[in-house]
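# Descriptive analysis of the structure
Residues per chain are reported as follows:
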Amino acid sequence: MTRFNMSESEMPSAWFNILPRLATPMDPPLHPGTREPVTPDDLAPLFPMELIMQEMSPEPWIDIPGPVLDILRLWRPTPLVRAERLEKMLDTPARIYFKDESVSPAGSHKPNTAVPQAYYNKMEGIKRLTTETGAGQWGTALSFATAQFDMECMVYMVRASFEQKPYRKIMMQVWGGDVVPSPIDDPSNPGSLGAAISDAVRDCVQRDDSHYALGSVLNHVLLHQTVIGLEARDQLRAAGEELPDVVIAPCGGGSNLGGIAFPFVPDESVRLVAVEPSSCPTLTQGRFEYDFGDVAGMTPLMPMYTLGADFMPPSIHAGGLRYHGDSPIVSKLVHEGRMEAVAINQGKVFDAAIKFANAEGKVPAPECGHGIAVAIDEALAAKESGEEKVILFNYCGHGHLDLAAYDEYLSGRMIDA
Ligand SMILES: Cc1ncc(COP(=O)(O)O)c(C=O)c1O
């Protein structure tokens, strides 16, 4: 068998909270003005109280609300696929599995958190959400989710992606989202996620009917993504595997990585690997310190690996990985040695993505190609050592709206940043 499906009734009904399972507690986020630990009230202008509580919850499991499960069931559980044709192409003794998150309505893992975020806001009487988007995946996911709850969505899209990816913008508009390029006040600036966050937060705090939604980085976002790893654990067992030897995922703000990897953190034999672009090497070359999540310094200061809040990465095609910071939980796991991090060039990413597309038939998002490239490296290392390694990676999004990037690569116009 190559595809391991689960029935709808086997879908997880609770999220896996890593916080009470960490060896030492997280350092708290700090208020941008006072530099004191933030209180729930400090965050209330931005987020609904349920999400604020999840951000610091000591509960090991948090129930997924019924209306959220109903929507997640439109595409969940997602398949776990054994990449046998890729194994053959590489002539490796490794068994390679990928969790296919590209089957969601928006084409990536992002709706796993967009839906609960929209739901909790709706329950608190909020009518409109503001957000930023890099590659456009998060903006599409939130537009889809707000449409399910009859809410408005205002998306500040990093200008480089806004110009490279017109179809992402149209997809958001199909679901009723409003999309503008960011930074809004500087048309010559290609933008960054940090600048787009500032635009979205500034908009939100000016209106009583609006909250802000973040697509990655925060604890509650990674919590919602743990359905990926929980399902993958069960599906691997159905495939006859005890545990994977290594779990691999790209890391922008850390949400798809946290989603697939956190349920394996307690299994000490399982290696966890974050993959980032060499042009935005937060985990491999950043400093571990308190920093702002945005350029303007409006968000709380978070303890994380950072390249500096004003870092402006080059306009590489994996727009979702162009973030100066990272999830505080992912940062802590890397800092303490529980998780590894590697950085790779986009040339290597597209080379791997095209190999994968030819072997398995699926055209991955450039972000996703980062994980594939390292999964291939692991499989080739297994061939070298003759080990029967079990490799699990997150197929976190398809690249159907990234074909201009493939065109650049295939015609030799891509800069190997
Ligand atoms: C397909 C895909 N993968 C990965 C990412 C990176 O984000 P994160 O690290 O939060 O998963 C993005 C972000 O937009 C994305 O669109």
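- The protein has the name tryptophan synthase in an unreviewed UniProt entry, where freshwater metagenome is given as its organism.
- One UniProt comment on the protein, placed under Function (unreviewed entry), says "The beta subunit is responsible for the synthesis of L-tryptophan from indole and L-serine."
- You can read under Cofactor (unreviewed entry) in the UniProt record for the protein the words "pyridoxal 5'-phosphate".

### Looking at the overall build of the protein
- Along the protein, the regular secondary structure elements total 17 helices and 15 strands.
- In terms of overall size, the protein behaves like a compact globule, its C-alpha atoms giving a radius of gyration of 20 Å where 417 residues would be expected to give roughly 22 Å.
- Here the protein holds 417 residues, and 57% of them are scored as buried.
- Pairs at least 24 residues apart make up 77% of the contacts formed inside the protein by residues separated by at least 6 positions.

### With respect to the pairing of strand S13 (residues 301-306)
- With five of its six residues buried, S13 lies for the most part within the structure.
- As defined by bridge partners, strand S12 (residues 287-292) adjoins S13 across six bridges and the pair is classed as antiparallel. Directly across from Phe292, in S13, lies its bridge partner Leu301.

### Some details on the sheet that holds strand S9 (residues 210-212)
- If you walk across this open sheet you meet the four strands as S8-S7-S6-S9, and the pairing is parallel. Both outer strands of the open sheet, strand S8 (178-182) and S9, are each paired with one neighbouring strand and no more. Neighbouring strand axes in the sheet, compared pairwise and without regard to direction, differ in orientation by 25 degrees on average.
- Of the pairings in the sheet, the one linking strand S7 (residues 152-158) to S8 comprises five bridges and is parallel in character. Across the sheet, the residue bridging to Met154 is Asp178, located in S8.

### Remarks on the pairing of strand S5 (residues 95-100)
- Within S5, five of the six residues are buried, leaving the element largely enclosed by the surrounding structure.
- Where strand S4 (residues 80-82) and S5 come together, three bridges link them in antiparallel fashion. Paired with Val81 across the strands is Phe98, a residue of S5.
- Summarising the sheet, S5 and strand S15 (residues 390-395) pair through six bridges and their orientation is parallel. Each bridged residue has a counterpart across the sheet, and for Phe98 the counterpart in S15 is Phe393.

### Considering the UniProt feature "domain: Tryptophan synthase beta chain-like PALP" (unreviewed entry) in the protein
- Sites flagged by UniProt as "domain: Tryptophan synthase beta chain-like PALP" (unreviewed entry) map to residues 73-397.
- Here residues 73-397 is 41% helix and 20% strand, with 18 Å between the C-alpha atoms at its ends.

### Examining the site of the ligand
- The environment of the ligand is formed by 21 residues, the closest being Gln137, Ser216, Gly252, Gly320 and Gly397.
- Breaking the shell around the ligand down by element, the ones donating at least two residues are helix H6 (137-148), helix H12 (255-261) and helix H16 (366-385).
- For the shell around the ligand, the leading source of residues is H12, giving three residues.
- Of the residues contributing to the shell around the ligand, the split by class is nine nonpolar, eleven polar and one charged.

### Some thoughts on the packing of helix H5 (residues 111-123) against H6
- Viewed as axis vectors pointing N to C, H5 and H6 meet at an angle of 35 degrees, and their least axial separation amounts to 8 Å. When you trace H5 past H6, the crossing you get is right-handed. Mapping the contact onto sequence places Pro111, Ala114, Val115, Gln117 and Ala118 in H5 and Ala141, Leu142, Phe144, Ala145, Thr146 and Gln148 in H6.
- Taken together, the residues that form the contact of H5 with H6 break down as eight nonpolar, three polar and no charged.

### Focus: the packing of helix H15 (residues 346-360) against H16
- The geometry of H15 relative to H16 is characterised by a closest axis approach of 8 Å and an angle of 80 degrees between their N-to-C directions. The angle between the axes of H15 and H16 places the two elements in the roughly perpendicular class. Mapping the contact onto sequence places Lys348, Val349, Phe350, Ala352, Ala353, Lys355 and Phe356 in H15 and Pro366, Gly369, His370, Ile372, Ala373 and Ile376 in H16.
- Of the residues belonging to the contact of H15 with H16, the class tally is nine nonpolar, two polar and two charged.

### Notes on unusual backbone geometry
- The step from Arg76 to Pro77 runs through a cis peptide bond, and the omega angle for that step is -5 degrees.
- Going from Ser182 to Pro183, the amide bond is cis rather than trans, its omega being 0 degrees.
- Examined against the element boundaries, Pro183 turns out to sit in the loop between S8 and helix H9 (193-205).
- Even without a glycine there, the phi angle at Arg35 is positive, about 65 degrees.
- Counting through the fold element by element, Arg35 comes out in the loop between strand S2 (14-16) and helix H1 (40-43).
- Take Arg35: there are 10 C-beta atoms within 10 Å of it, and that puts it in the exposed class.
- Located in the positive-phi region is Val217, a residue other than glycine, with phi close to 70 degrees.
- The buried category is assigned to Val217, around which 26 C-beta atoms lie within 10 Å.

### Considerations on the environment of Asp150
- By the element assignment, Asp150 lies in the loop between H6 and S7.
- Residue classification places Asp150 among the exposed positions, given that 10 C-beta atoms sit within 10 Å.
- Separated by 149 residues in the primary sequence, Asp150 and Met1 place their C-alpha atoms 41 Å from one another.

What counts as what
Residues numbered from 1 in each chain as written. Predicted model: local features only at pLDDT ≥ 70, side-chain atom pairs only at ≥ 80, totals over all residues. UniProt positions renumbered as here; feature names shortened; annotations may be inferred. Helix = DSSP H or I, 4+ residues; strand = E, 2+ residues; numbered from the N terminus. Rg over C-alpha atoms; globule rule 2.2 N^0.38 Å. Buried ≥ 20, exposed ≤ 12 C-beta atoms within 10 Å, placed from the backbone. Contact = placed C-beta atoms within 7 Å. Pairing = 2+ DSSP bridges. Axes fitted to C-alpha atoms, helices over the stretch in contact; angles between N-to-C directions. Near = placed C-beta within 6 Å. Nonpolar A, V, L, I, M, F, W, Y, C, P; charged D, E, K, R; others polar. Left-handed = near helix turned anticlockwise from the far one by under 90°. Parallel < 35°, antiparallel > 145°, perpendicular 65-115°, else oblique.

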